[in-house]
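Chain residues, written in single-letter form:
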Amino acid sequence: MTSTVHDPGHRLPKFSLVHWGVCVPSVCSPGDVQEALRHVLGLRSEITTTVGVDPDLCHHDADPPTVPSLATISAWGFFIAVGLLCLLGTITELRKTCNKEKKYVGPSMFQQVVDAFCVRRNVRRLLDTTGAQGEVSALNGVRALNAMALLLSHKQMALLFLPFVNRTQLAQLIGRSWSMVGRAASLYTDSFILLSGLLTALSLLRELSRSNRINLVDFVLNRLIRLTPSLAALVVFCTFVLPGLGSGPLWGLLVSKYATLCQQHWWRNLLFIHNYYPFDQMCLTHSHQVAIDMQLYLTAPLLVFPLWWRPRLGLPLLLGVAVWSSLLRYSVVLSEQLSTIVYFGIPLSQLFRTAQKTYILPSHRATVYCLGVVLGYIIHCQHSVPLSRVTAAAGWVVSVACGLLAIFAPYHMSWPGYVYDVQEAALYNMLAPVSWSIFVGWVIFSSHYGCAGWFGRLLTWRWFVVFTRLSYAVYLTQFPIFFYNVGQARVAQQYSIFRLLDLPEYIAVLLASAVLTVMFDLPAQNLKKAFLSSSKDAAINTQNEEEKKTMGKMVDSSPEKIAKKRLPG
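Residues numbered from 1 in each chain as written. Predicted model: local features only at pLDDT ≥ 70, side-chain atom pairs only at ≥ 80, totals over all residues. Heavy atoms only, no water.

Chemist: Would you mind going over unusual backbone geometry with me for this structure?
Modeler: For residues that are not glycine, phi is negative in most cases, and the peptide bond is trans in most cases. Here the phi dihedral of Leu284 falls at roughly 50°; this positive angle occurs in a residue that is not glycine. Structurally, Leu284 is set in the loop between helix H10 (251–270) and helix H11 (288–309). With a relative accessible area of 4%, Leu284 lands in the buried category. Of note in the backbone geometry, Gln337 takes a positive phi value of approximately 55° without being a glycine. The topology assignment puts Gln337 in the loop between helix H12 (311–336) and helix H13 (348–359). (Helix = DSSP H or I, 4+ residues; strand = E, 2+ residues; numbered from the N terminus. Buried < 20%, exposed > 50% of the residue type's maximum accessible area, 1.4 Å probe, protein only.)

Right, here's the structure in full:
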């Protein structure tokens with residue numbers, strides 16, 4: 001990647017720049033250091049240099065301890081309060097377990113809130129490997145494998161921020177064709193969009209088949225409760241808590257910079273509209289996928305209802321939206337000179353424009369979502385599909401070919417001598433998501449209907465259910481943990497491909513994801529169930545009381561009663 005001193009460096013690494021560490025008195029400002037370096041380097045007239053000093057990279061070793069702000073104290077108080085609530089819920093659960101002979105009446109509202117945060121109950125639910133009735137169990141394995149591939153790709157991106165002494169060797173290593181597995185990482189996010197479309201379609205189709213209508217309030221509420229608590233907790237943590245937990249030369253760029261952006265723009269994330277704002281000014285840029293998923297989810301009833309009501313109308317509508325989305329991706333690459341593949345020499349500004357103008361827009365990712373909806377419709381309607389061995393084998397040949405083409409068709413883009421071709425980049429951006437979706441869709445389809453052999457049995461491994469419950473939190477927590485470790489690096493290091501296999505860091509991601517899930521995600525779902533059931537019970541009780549009153553009036557107004565009332569004395 002080629003970059004300039006004016007490119008933002010807090011999201012994507014400025015790999016081609018020469019970074020110098022300069023020790024100066026603390027009274028010197030970034031502007032003073034920049035002018036001094038420009039003067040020194042300007043003495044060599046045969047070398048043309050551009051000098052820039054990023055204030056976010058200025059690090060003071062002996063900064064006096066700062067007094068925490070009111071916002072920071074409030075954030076710590078919030079997390080401590082949630083922790084105490086979890087402790088109280090766990091103690092209450094243990095007391096109930098020890099006093100089994102004691103009969104408890106219906107819990108109060110406060111007790112329901114406390115019970116929802118019980119760590120013991122939530123951990124049991126997290127580790128429960130019993131799948132839901134009628135679920136497509138292969139989805140758990142597909143989600144887990146894609147999450148692992150995305151985790152490795154993001155880890156490689158975070159590593160490129162570090163000052164490696166063997167940068168030339170690093171460039172040669174990642175200049176091989178197999179590096180396309182990481183360069184085409186956007187395909188792994190397409191898998192999650194496909195899964196989202198499939199699951200949403202299944203849920204809506206089952207509701208329509210049961211009640212002939214969609215409860216839109218419940219539909220939106222379910223998604224808000226599923227996504228908002230964990231995202232809000234992470235925003236608060238990264239904004240007010242994480243900046244005070246470490247320091248280092250890159251700390252200001254990778255940690256404090258995000259805290260500043262989140263202080264200004266946190267509300268965009270909680271409204272799920274942050275993907276419509278400049279990519280380099282986004283709070284927690286990796287969370288753009290959450291906004292895309294939410295926006296596509298809200299359009300799902302418009303896509304699924306015609307499919308259920310009139311399949312001959314719904315299928316062309318879905319395919320039309322998919323084609324329209326593909327043409328959008330093709331045209332924007334041609335007009336804006338974009339590339340979704342990280343090739344040698346790609347300007348950093350081109351990557352930011354690609355993210356802004358195609359990658360983070362739901363209209364450009366709708367193709368994959370529509371294909372997921374179609375697959376969900378097929379699974380909903382076809383309880384069994386008798387495939388012959390020849391048909392299944394042909395399906396695997398075609399789908400694997402589509403998957404390999406999606407990743408390795410532009411293999412020459414990984415070579416150091418590659419010259420950018422806009423037509424090639426446009427065709428890839430239009431066709432690669434479709435090709436990859438065919439591969440992932442066939443894997444799910446064949447596994448669900450028992451035509452995937454040992455691979456299908458692997459995808460349906462019961463412990464993948466646990467990872468499915470953690471997958472959202474894993475996606476949210478990985479970059480803060482990666483940047484926390486990179487931000488504290490104080491010495492130049494040696495790159496090796498084995499650095500991708502950082503087991504302690506991955507364990508930290510899983511533990512942080514488990515904590516986020518147990519303390520925020522599952523309690524929010526428990527509260528929803530408790531309050532909705534209480535509301536339904538109250539409505540049922542009210543209805544019963546009204547029926548009793550009505551029946552009482554009917555009895556009082558019976559002919560026998562009226563005759564008795566009319567008798568004298």
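Back to the text.
Chemist: What exactly am I supposed to notice about H10 here?
Modeler: In an α-helix, one turn spans 3.6 residues, which is why side chains three or four residues apart end up on the same side. When the local axis directions of H10 are compared, the greatest deviation, roughly 70°, occurs at Gln264. Among all positions in H10, only Trp251, Gly252, Leu253, Leu254, Val255, Tyr258, Ala259, Leu261, Cys262, His265, Arg268 and Asn269 are buried. Looking at the packing, one finds that the buried side of H10 touches helix H9 (216–241) and helix H18 (464–487). Phi turns positive one or two residues past the end of H10, at Phe272, with a value near 60°. (Bend = angle between axes of the 7 residues up to and from the residue. Contact = heavy atoms within 4.5 Å.)

Chemist: Looking at this structure, how should I read the packing of aromatic side chains?
Modeler: Aromatic rings in a pair are described by how distant their centres are and how their planes are angled relative to each other. Scanning the model with the defined rule gives 25 aromatic pairs in all. Their ring planes at 65° and their centres at 5.9 Å tell us that Phe279 and Phe352 sit as a pair that is edge-to-face. Separated by 73 residues along the polypeptide, Phe279 in the loop between H10 and H11 and Phe352 in helix H13 bring together distant segments of the chain. Judged by centre distance (5.3 Å) and plane angle (90°), the rings of Trp461 and Phe464 are edge-to-face. For Phe464, a relative accessible area of 8% puts it in the buried group. Chaining the aromatic ring pairs together yields one cluster made of Trp396, Trp442, Phe445, Tyr449, Trp454 and Phe455. (Phe/Tyr/Trp six-rings, centres within 6.5 Å; stacked < 30°, edge-to-face > 60°.)

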